[in-house]
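Residue strings, one per chain:
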Amino acid sequence: MNPTSSFLVPLRLPTPFAVGPVNVYLLEGPELTLVDVGPDTAEALAALEAGLAAHGHALTELRHIVITHAHPDHYGLAARLAALSGARIYCHPLSRRVIAAAPAELTQRYAWYGEWLRQAGLPEPIQAQLLELFRSLEGQRGVPADRLVELNDGDRLPWGDREWQALHTPGHAQGHLCFYHRPSGALLAGDHLLRGITPNPGVEPPWPGSSERPRSLIQYFQSLERLTALNITTVWPGHGEPLYDYQAHREELSAFHHRRADEIAALLDGESQTVYQLTRCFFPQLQRLDLFLGLSEVIAHLDLLEAAGRVSVSAADGVLRYQLTDEPHSAT
Ligand SMILES: [Zn+2]
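These figures come from a predicted structure and were not determined experimentally.

1. Section: the pairing of strand 9 (residues 177-181)
Here strand 9 lies mainly inside the structure; five of its five residues are buried. The alternating pattern of strand 9 places Leu177, Phe179 and His181 on one face and Cys178 and Tyr180 on the opposite face, and all of these are buried. Bridging between strand 9 and strand 10 (residues 186-190) involves three bridges; their strand directions are antiparallel. Among the inter-strand pairings, His181 is bridged to a residue of strand 10, identified as Ala186. Hairpin connection between strand 9 and strand 10: a loop of four residues separates the two successive antiparallel strands, and Gly185 in this loop has a positive phi of roughly 80 degrees.

2. Topic: the packing of aromatic side chains
Applying the stated rule across the entire model yields seven aromatic pairs. Between the aromatic rings of Phe7 and Trp164, the centroid separation amounts to 5.5 Å while the plane-to-plane angle is 20 degrees, which identifies the pairing as stacked. With Phe7 in the segment before strand 1 (9-13) and Trp164 in strand 8 (residues 164-168), this residue pair connects regions lying 157 residues apart in the sequence. Given the relative accessible area of 25%, Phe7 is considered partly exposed. On the basis of relative accessible area, Trp164 is assigned to the buried category, the value being 2%. Aromatic side chains Phe282 and Phe283 sit 5.0 Å apart centroid to centroid with 70 degrees between the ring planes, which places their arrangement in the edge-to-face category. Of the residues examined, Phe283 reaches a relative accessible area of 19% and is grouped as buried. Taken together, the ring pairs in this structure connect Trp112, Tyr113, Phe134 and Phe292 into an aromatic cluster.

3. So, the side chain of Thr68
Among the structural elements, Thr68 can be located in the loop between strand 4 (64-66) and helix 2 (72-75). A residue is classified by how much of its surface remains accessible, and Thr68, at 1% relative accessible area, is buried. At a separation of 2.7 Å, a polar atom in the side chain of Thr68 contacts the side chain of Asp36. At 2.9 Å, the side chain of Thr68 forms a polar contact with the side chain of His69. Contact partners of Thr68, with chain neighbours within four places excluded, come to Val35, Asp36, His74, Gly175, His176, Leu177, Phe179 and Gly190.

4. Some points on the pairing of strand 11 (residues 234-237)
Looking along a regular strand, one sees side chains alternate from face to face of the sheet. As defined by bridge partners, strand 10 adjoins strand 11 across four bridges and the pair is classed as parallel. Note on strand 11: the bridge partner recorded for Gly190 is Pro237. Between the parallel elements strand 10 and strand 11, the chain passes through helix 7 (residues 216-227) in a crossover that is right-handed.

5. Focus: the coordination of the zinc ion
The zinc ion binds to the protein through Asp73 (OD), His74 (NE2), Asp191 (OD) and His239 (NE2); the donor distances cover 2.1 to 2.3 Å. What the four donor atoms of the zinc ion show is an angle range of 86 to 165 degrees at the metal, which sorts the shape as irregular. All donors to the zinc ion come from one chain, and their sequence spacing reads D-H-x116-D-x47-H. With His74 in helix 2 and His239 in the loop between strand 11 and helix 8 (246-267), the pair connects residues that are 165 residues apart, well separated along the chain. With respect to class, His74 is no different from His239; both count as buried.

The rules we used
- Residues numbered from 1 in each chain as written.
- Predicted model: local features only at pLDDT ≥ 70, side-chain atom pairs only at ≥ 80, totals over all residues.
- Heavy atoms only, no water.
- Buried < 20%, exposed > 50% of the residue type's maximum accessible area, 1.4 Å probe, protein only.
- Helix = DSSP H or I, 4+ residues; strand = E, 2+ residues; numbered from the N terminus.
- Pairing = 2+ DSSP bridges.
- Phe/Tyr/Trp six-rings, centres within 6.5 Å; stacked < 30°, edge-to-face > 60°.
- Polar contact = N/O pair within 3.5 Å; in protein donor to acceptor, adjacent residues only side chain to side chain.
- Contact = heavy atoms within 4.5 Å.
- Right-handed = clockwise from strand over helix to strand, strands pointing away.
- Donors = N, O, S within 2.8 Å, 3.2 Å for Na, K, Ca; no water.
- Tetrahedral: all angles 85-135°; square planar, octahedral: opposite > 155°, others 65-115°.

Below, the structure written as structure tokens:
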């Protein structure tokens, strides 16, 4: 054991995405561990190499790479780092299909998204544009199956100087994991909790064995609720600065989402609308990835309203239309 090793070392890497830089975390100890890796760009790789060097490490020393969730700003470099260092890549089983980029699974995934975009009422050219975008963001460089290890809820990361526990926290992404260090109350939160940003409740295909699309915002609230049982002192997020008051942050998030659901319900005061029409009303300017995030945001709040009995959904020609229900409801 290295007596001078740090508890955790945050490294900030550039990304080409609107969210700005991503935080990855080095856990020093007998076997060097990195939590998240940054996007698959030369700039991020150079910044990671420089960040490791500043703490006396080389890329080739990495032994374990842990991925909080399968979004390109967090896992993009995983395949290159696995090849460079021989490190194993750890992720939740629901992240695996994206990180491994197995062609058959990706084909299934994009077929599902194609159908969902059609049901959401998008014009065909925009459906095609979004599917093309997904293909360009995912699956460019998959991690070979023999380097991938699945991490499930409750599993422990035993290789740093301190033991972290994996917590499955679906919502922002279906395979999202947070990591908790019980003695200090530190939480490596990925994009589950971010200062000044509301994590997008991303639309994703059903889990294996299910035919239902996961209701990501409802799951997100469950994941937030679950963390209240922990004694969290510091949240180390995937973007931006740490957070220190988990309970206050959680209450703000809950208030924000219920307000947003009310705003979306107000847009439905009249005839029924598609997810695309509502998204265009709410966010008229969004294009490409931002449009997809807008669609996710709207459907997630419609799910919340539907679960509260405030809206109902009907299908016409394969397109879903949402309308307010007649019964009065006081809260979402
Ligand atoms: Zn992110």
